[in-house]
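Inside the fold
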Amino acid sequence: MNPAFFAHAEVQHREPYTSQLPNDNLDTGKTTIAADYRLTDEAYAKLLQKLRGKPVSNSVREDVLSYYSDPEKQYATKKKSKEWKKLIQELDILKSSSM
């Protein structure tokens, strides 16, 4: 195989992925809406926990903050008050951070 092929493939692999995917729930086929689906709530909570102390792109930061923008919604994660309090703390950290 031509070594130039591998060099080209490596360059392509290192370029940042910039395509925007629709924010659809693949389980339900609907657009993702905060507090509408328990598994989505849990996935966002898990993502927020994993982001702590790591550099976060503005798009991911804005997406997570947008998801939790209405604290009055009945997120599934609110059912466990200890975990909800921790999530709120994580959100505060994310709000105060910048890329």
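To be clear, the structure that these remarks concern was listed above.
Notes on the structure in this doc start here. The model shown is predicted, which means the values in this text are computed figures rather than measured ones.

A separate point is the layout of surface pockets. A volume near 370 Å³ is recorded for the largest pocket. Glu-42, Ala-45, Lys-46, Thr-77 and Glu-83 are the residues nearest the centre of the largest pocket, which is lined by 14 residues in total. Elements that contribute at least two residues to the lining of the largest pocket include exactly α2 (38-51) and α4 (81-96).

For Ala-35, which is not a glycine, the phi torsion comes out positive at approximately 65°. Relative to the helices and strands, Ala-35 is located in the loop between α1 (3-14) and α2. Judged by relative accessible area, Ala-35 falls into the partly exposed class, the value being 24%.

Inspection of the secondary structure puts Thr-77 in the loop between α3 (58-67) and α4. For Thr-77, a relative accessible area of 10% translates into the label buried. In contact with Thr-77, other than residues within four places in its own chain, are Asp-41, Glu-42, Ala-45, Trp-84 and Leu-87.

Mapped onto the fold, Leu-91 is located in helix α4. For Leu-91, a relative accessible area of 6% puts it in the buried group. When the C-alpha atoms of Leu-91 and Arg-52 are compared, they prove to be 9.4 Å apart, with 39 residues separating the residues in sequence.

An ideal rise of 1.5 Å per residue puts 22 Å on 16 residues; α4 measures up with 23 Å between its terminal C-alpha atoms. When we look at burial in α4, the residues that qualify are Trp-84, Leu-87, Glu-90, Leu-91 and Leu-94. Looking straight down α4, one finds that the buried residues subtend no more than 120° of arc, so they occupy a single side. Of the residues in α4, the exposed ones pointing more than 90 degrees away from the buried face are Lys-82, Lys-85, Gln-89 and Ser-96.

The next subject is the packing of α2 against α4. At a closest axis distance of 10 Å, the pairing of α2 and α4 adopts a crossing angle of 55°. When the axis of α2 is compared with that of α4, the two are oblique. Considering how the two elements wind past one another, α2 and α4 form a crossing that is left-handed. Where α2 approaches α4, its residues Ala-45, Leu-48 and Gln-49 are matched on the opposing element by Lys-86, Leu-87, Glu-90, Leu-91 and Leu-94. By residue class, the composition of the contact of α2 with α4 is 5 nonpolar, 1 polar and 2 charged.

Reading guide: rules and limits
Residues numbered from 1 in each chain as written. Predicted model: local features only at pLDDT ≥ 70, side-chain atom pairs only at ≥ 80, totals over all residues. Heavy atoms only, no water. 1 Å grid on protein atoms, 1.4 Å probe; cavity = no way out; pocket = protein on both sides within 12 Å on 5 of 7 lines; lining within 4 Å. Points joined across faces, edges and corners; volume = space filled by probe spheres on them. Helix = DSSP H or I, 4+ residues; strand = E, 2+ residues; numbered from the N terminus. Buried < 20%, exposed > 50% of the residue type's maximum accessible area, 1.4 Å probe, protein only. Contact = heavy atoms within 4.5 Å. Expected span 1.5 Å × (residues − 1). Arc of directions from axis to C-beta. Axes fitted to C-alpha atoms, helices over the stretch in contact; angles between N-to-C directions. Parallel < 35°, antiparallel > 145°, perpendicular 65-115°, else oblique. Left-handed = near helix turned anticlockwise from the far one by under 90°. Nonpolar A, V, L, I, M, F, W, Y, C, P; charged D, E, K, R; others polar.

What is shown is where atoms sit, not what they do.
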